[in-house]
Amino acid sequence: MASGHAIPSYLNSEDLGPWASYLEQIDRVAPHLGSLSRWLETLKRPKRILVVDVPIELDNGAIAHFEGYRVQHNVSRGPGKGGVRYHQDVTLSEVMSLAAWMSIKNATVNVPYGGAKGGIRVDPRTLSRGELERMTRRYTSEINVIIGPNKDIPAPDVNTNEQVMAWMMDTYSMNTGQTATGVVTGKPITLGGSLGRRDATGRGVFVVGSQAAEKIGLDLKGARIAVQGFGNVGGIAARLFQEAGAKVIAVQDHTGTLYQPGGIDAHALLEHVQRTGGVKSFEGAEALDDHDQFWKIESDILIPAALEGQITERNAGDIRTRIVVEGANGPTTPKADDILRESGTLVVPDVVANAGGVTVSYFEWVQDFSSFFWSEEEINARLERIMRDAFASVWQVSQEKSVSMRTAAYIVACTRILQARELRGLYP
Ligand SMILES: NC(=O)c1ccc[n+]([C@@H]2O[C@H](COP(=O)([O-])OP(=O)(O)OC[C@H]3O[C@@H](n4cnc5c(N)ncnc54)[C@H](O)[C@@H]3O)[C@@H](O)[C@H]2O)c1
């Protein structure tokens, strides 16, 4: 647990959850901020937290209640921005840390947003389509007071998708009396979505993963890739690495673990997951029964792209890979970070590695405001440039200051956020 912090009464001080990892990451940046460090406390508490009750009528006539959240961590640099997660294990601590990581990420890649995140504590697989729509609309109405195209702009995250964003956009628009496409990103193309958004996070993971490989002299041709999570982020990243000549040798999702040293066909697996909902019973690979075995498989690039807190002091010592590219948010705890650094494993942190999604979300938002839409080539080229620049500047700081890429990214990001804080001054 992070020590020496004022813990808010609304968190369990005995078990801070992912917020503890975030506080520890912030502690590590403090010595590098010079006079700006007097503003650092501002990053240790979210600006605004909204907890809502989301009641819906189920198809069988019963009334169900779900816990919903929207957290705006910091808005010094612009409106809040961050996804909405539907998952049975969502907690306030989790949404707070995801919102904080968005503040850091947006500042790292220099898009003009603060950080926010939302979630509902629900397993959406247990709901019918009608129930999912009613829950999404009620949740949107409940958080309506704090979101908006210039206030806070949600996007997809775990278990939410383009359809959920369409319902959110429609609900917000109905409540405000005008079609407001810019209130969410990750929308369907026909509703003001952006070309390239669906693949953007996975593409960004691939771009910075390739940069990292170049830095350590790893040839992508024949490189062994292991991926945890085969959804929007992990599935697309795996496909792009395969297209660049790498071999996807191991995949794990919530339904099972696959291993195939000769390479799993990512295209066929994507199609299988689309059809069946998970990697389980895919025929082109061996199924491993032991979930933990995944972390012991030797690879060249390991991509955690599922949930936070997956690489911990318990399994970090087992990991045999050269680069960890964090597709997921917060997959590595600070202690595990230290273990990986000691073993010489390069970790490309989430706030750089998975920033492709929010970058193209930013493009989508800009396109919605100007009602002028760009080509996919233009979007991918701009995305690649931003990701390469972010990687290069973080790499440079990490070399100059002999710190991990995570701490380097936090130095870049916290400097930007706290400079904005200082220039704006405290209100009133
Ligand atoms: N979608 C985006 O644009 C985006 C952007 C930045 C970061 N992220 C982060 O990437 C991660 C994945 O998001 P996504 O959008 O791909 O979600 P998704 O819902 O499309 O996929 C999630 C994947 O994680 C797997 N998973 C869930 N629980 C698991 C478990 N216990 N063990 C192994 N696998 C498990 C699921 O089976 C699925 O394959 C999250 O951390 C999310 O916050 C997403």
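Given the structure is predicted, the values throughout are model-derived calculations rather than measurements. (Residues numbered from 1 in each chain as written. Predicted model: local features only at pLDDT ≥ 70, side-chain atom pairs only at ≥ 80, totals over all residues.)

Q: Describe the sheet that holds strand E1 (residues 48-57), with residues and values.
A: Across the sheet, five strands lie side by side as E1-E2-E4-E3-E5; this open sheet has mixed pairing. Edge positions in the sheet fall to E1 and strand E5 (152-156), since each has one partner strand and no second. Averaged over all adjacent pairs, the angle separating strand axes in this sheet is 25°, with direction ignored. Across four bridges, the pairing between strand E3 (residues 80-87) and strand E4 (residues 115-121) is parallel. Counterpart to His87 in the pairing with E4 is Arg121. (Pairing = 2+ DSSP bridges. Helix = DSSP H or I, 4+ residues; strand = E, 2+ residues; numbered from the N terminus. Axes fitted to C-alpha atoms, helices over the stretch in contact; angles between N-to-C directions.)

Q: Outline the site of the ligand, listing residues and values.
A: As a matter of local geometry, the ligand sits amid 24 residues, with Gly229, Gly231, Asp253, Ala328 and Gly357 nearest to it. Contributions of two or more residues to the shell around the ligand are made by helix H6 (232-243) and strand E7 (247-253). (Near = placed C-beta within 6 Å.)

Q: Hey, could you go over the domain arrangement of the protein for me, with residue numbers and the actual values?
A: Interface size is often expressed as the accessible area that is lost when the parts come together. Under the domain assignment, the protein is made up of domain 1 (46-179) and domain 2 (200-353). Computed over C-alpha atoms only, the centres of domain 1 and domain 2 are separated by 27 Å. With six residues of domain 1 at the interface, the matching set in domain 2 holds five residues. Of the residues in the side of domain 1 that touches domain 2, the class split is three nonpolar, two polar and one charged. (Domains from an automatic or database assignment. Contact = placed C-beta atoms within 7 Å. Nonpolar A, V, L, I, M, F, W, Y, C, P; charged D, E, K, R; others polar.)

Q: Would you mind going over helix H7 (residues 266-276) in detail, with residue names and values included?
A: Every α-helical turn comprises 3.6 residues, leaving residues that sit three or four positions apart pointing alike. Buried within H7 are the following residues: Ala266, Leu269 and Val273. An end-on view of H7 places all buried positions within 60° of arc, on one side of the element. Away from its buried face, by an angle of more than 90 degrees, H7 presents the exposed residues His267, Glu271, Gln274 and Arg275. Turning to H7, the residues buried within the fold contact H6 and E7. Following H7 by one or two positions, Gly277 adopts a phi angle in the positive range, close to 90°. (Buried ≥ 20, exposed ≤ 12 C-beta atoms within 10 Å, placed from the backbone. Arc of directions from axis to C-beta.)

Q: I'd like a description of the nonpolar core, backed by residues and values.
A: Core analysis: the largest hydrophobic core is formed by 124 residues, its most contacted members being Ile225, Ala237, Val348 and Val352. Residue contributions to this core reach at least three from each of two domains, namely domain 1 (46-179) and domain 2 (200-353). When neighbours within four sequence positions are excluded, Val348 is seen to be in contact with Val208, Gly209, Ala212, Ile323, Val324, Val325, Glu326, Ala353 and Met405. (Core = buried A, V, L, I, M, F, W, Y, C linked by C-beta atoms within 7 Å.)

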